[in-house]
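# Tertiary structure, described
Listed below, chain by chain, are the residues.
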Amino acid sequence: VADVVGARPSEVVFNSGATEANNLALFGTATQVDRLIVSAIEHPSVLEPAAVLREAGAAVDILPTDAAGRADLGVLDRILAQAPALVSIMAANNEIGTLQPLAEIGRLCRSHGAVFHTDAVQALTTQAVDVVEAGVDLLSLSGHKLHGPAGIGALVVRGGRSLRPLTHGGGQQGGRRPGTVAVALCVGLGAACRLALARRLQDAVTVAALRDRLFDALGDGLPSLRRNGPQTGVLPGCLNVTLPGVDAADLLLDLPDLAVSTGSACSTAADTSSHVLSAIGLSAADAHSSLRFGLGRGTTARDVDDAAARIIAALRDRGRPG
Ligand code: PLP
């Protein structure tokens, strides 16, 4: 697990997943800094702890992004000059796939004495992330996003940094995460990390080709299709598109066995438009007309051709060629 991000084994704090890791990073560090700075497109497991800390009196800045979802580093530089801060910016976004320039952010944080946390959950199957090179102090990862078991994740805590634990009552893992460690799940996570290390370069190429194939196939049948997020510097397995005028949630009712989501998969049940699409400037109407595809190691050319054909057919049946 340490190897997959260039850390030392003693720096890995196992826990139940990235939601817990992100909570530990924010709540565990909040008392050591004067400000929290989180990007507008973070996962709710960063944004909601930040909101709770703000309610409790902490100064929290939400860092804007550009239309590609890249954090505004000029604004970050200005805020960092004011006070010691914790900066939480994800390595890769789960809805539009934007990759952030971690090393540049790490340098900025170091030059201002800030603590740098990154949620790397989405990055590790296809991207090389090295906590030393990127100047990352805290990094969250999750087993099931690495094709490993669910219910296990870790916060990588560099250089013996002290953290206030979320729970109390045991000395395990240096007191940073009290409670008995789920050894079998840790072994599964370790195996998934080894596979990621061995395969990520090849997987990145294969999955990017499938994503482009999917986009082309959808575009052939739906000329008004628009792609959201960056064209380059993007996760290979993430495709987010807008079908202007189409109610995406309603469309998916016709395609119940297709693994596609509107907004983020974690919040498909919620009838709110995606905070990520809103942060990159989409109207609420366009956000509700957007679909997000997640491709991975197990995706085949047949899967993507079938998905595109079925979406196009479902829209034709509704009299909406797109
Ligand atoms: N962070 C990101 C970017 C995610 O995509 C997810 C899950 O989808 C999480 C955090 C939460 O991870 P977990 O399910 O391991 O708690």
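Our structure's up above, just so we're on the same page.
Described below are features of the structure shown in this document. Note that the coordinates shown come from a computational prediction; the quantities given were computed from them, not determined experimentally.

To continue, consider the packing of aromatic side chains. Counted by the stated rule, this structure contains zero aromatic pairs. Directly above the aromatic system of Phe215 lies the positively charged group of Arg227, at a separation of 5.4 Å from the ring centroid.

Before going further, it helps to spend a moment on the pattern of salt bridges. As enumerated under the stated definition, the model contains 13 salt bridges in all. A salt bridge links Arg35 to Asp61; its shortest N-O distance comes to 2.6 Å. With Arg35 in strand β2 (residues 35–39) and Asp61 in strand β3 (residues 59–63), this pair connects stretches of sequence that are 26 residues apart. As far as the burial class goes, Arg35 and Asp61 line up, both buried. The partner of Asp203 in a salt bridge is Arg199, with the nearest N and O atoms 3.2 Å apart. With Asp203 and Arg199 both in helix α6 (residues 183–221), this residue pair falls four residues apart, about one helical turn. For Arg199, a relative accessible area of 34% puts it in the partly exposed group.

If you trace the backbone, Ile96 turns up in the loop between β4 (85–88) and α4 (102–111). Accessibility expressed as a relative area gives 1% for Ile96, which makes it buried. When the C-alpha positions of Ile96 and Pro230 are compared, they lie 7.7 Å apart, and in sequence the two are 134 residues distant. Once residues within four sequence positions are removed from consideration, Ile96 is found in contact with Ala68, Gly69, Asn228, Gly229, Pro230, Val234, Cys238, Asn240, Val276, Leu277 and Ile280.

Once that is clear, we can look at the packing of α6 against helix α10 (residues 301–317). Closest axis-to-axis distance for the α6/α10 pair is 9 Å, and the angle between their directions is 20°. The angle between α6 and α10 falls in the class roughly parallel. The two elements α6 and α10 meet at a crossing, and its hand is right-handed. Seen from α6, the contacting residues are Leu210, Arg213, Leu214, Ala217, Leu218 and Gly221; seen from α10, they are Ala301, Val304, Asp305, Ala308, Ile311, Ile312 and Arg316. Its residues assigned to classes, the contact of α6 with α10 comprises nine nonpolar, one polar and three charged.

The next subject is helix α2 (residues 44–55). Note on helix geometry: an α-helix contains 3.6 residues per turn, so any two residues three or four positions apart are oriented the same way. With 12 residues, α2 should reach 16 Å at 1.5 Å per residue; the first-to-last C-alpha distance of 16 Å fits that figure. Its buried side turned inward, α2 meets α1 (18–29), β2, β3, β4, β5 (115–119) and α8 (275–279). In the stretch just after α2, Gly57 is the one whose phi turns positive, near 110°.

Volume-wise, the largest pocket comes out at about 1100 Å³. Taken together, 48 residues form the lining of the largest pocket, with Gln122, Lys145, Arg292, Gly294 and Leu295 sitting closest to its centre. Sort the elements by how many residues they give to the lining of the largest pocket and α10 lands first, with five residues.

This part takes up the state of the cysteines. Evaluation of the coordinates by the stated rule reveals zero disulfides. Cysteine Cys186 is unpaired, with the sulfur of Cys193 as its nearest cysteine sulfur at 11 Å. The class for Cys186 is buried, based on a relative accessible area of 11%.

You can see Gly17 is positioned in the loop between β1 (12–15) and α1. For Gly17, a relative accessible area of 8% translates into the label buried. In the structure, Gly17 is positioned 127 residues away from His144 in sequence and 8.4 Å away in space, judged by C-alpha atoms. Residues contacting Gly17, with those up to four places away along its chain left out, are Leu141, Ile152 and Gly153.

Every buried residue of helix α3 (residues 73–80) is listed here: Leu73, Val75, Leu76, Ile79 and Leu80. Seen end-on, α3 carries its buried residues on one side only, within an arc spanning 150°. Structurally, α3 contributes buried residues whose contacts are with β2, β3, β4 and α4. Capping the start of α3, Asp72 holds a side-chain oxygen 3.0 Å from the backbone nitrogen of Gly74, two or three residues further along.

Scoring rules and cut-offs
- Residues numbered from 1 in each chain as written.
- Predicted model: local features only at pLDDT ≥ 70, side-chain atom pairs only at ≥ 80, totals over all residues.
- Heavy atoms only, no water.
- Phe/Tyr/Trp six-rings, centres within 6.5 Å; stacked < 30°, edge-to-face > 60°.
- Lys NZ or Arg CZ within 6 Å of the ring centre and 35° of its normal.
- Salt bridge = Lys/Arg side-chain N within 4 Å of Asp/Glu carboxyl O.
- Helix = DSSP H or I, 4+ residues; strand = E, 2+ residues; numbered from the N terminus.
- Buried < 20%, exposed > 50% of the residue type's maximum accessible area, 1.4 Å probe, protein only.
- Contact = heavy atoms within 4.5 Å.
- Axes fitted to C-alpha atoms, helices over the stretch in contact; angles between N-to-C directions.
- Parallel < 35°, antiparallel > 145°, perpendicular 65-115°, else oblique.
- Left-handed = near helix turned anticlockwise from the far one by under 90°.
- Nonpolar A, V, L, I, M, F, W, Y, C, P; charged D, E, K, R; others polar.
- Expected span 1.5 Å × (residues − 1).
- 1 Å grid on protein atoms, 1.4 Å probe; cavity = no way out; pocket = protein on both sides within 12 Å on 5 of 7 lines; lining within 4 Å.
- Points joined across faces, edges and corners; volume = space filled by probe spheres on them.
- Disulfide = S-S within 2.5 Å.
- Arc of directions from axis to C-beta.
- Polar contact = N/O pair within 3.5 Å; in protein donor to acceptor, adjacent residues only side chain to side chain.

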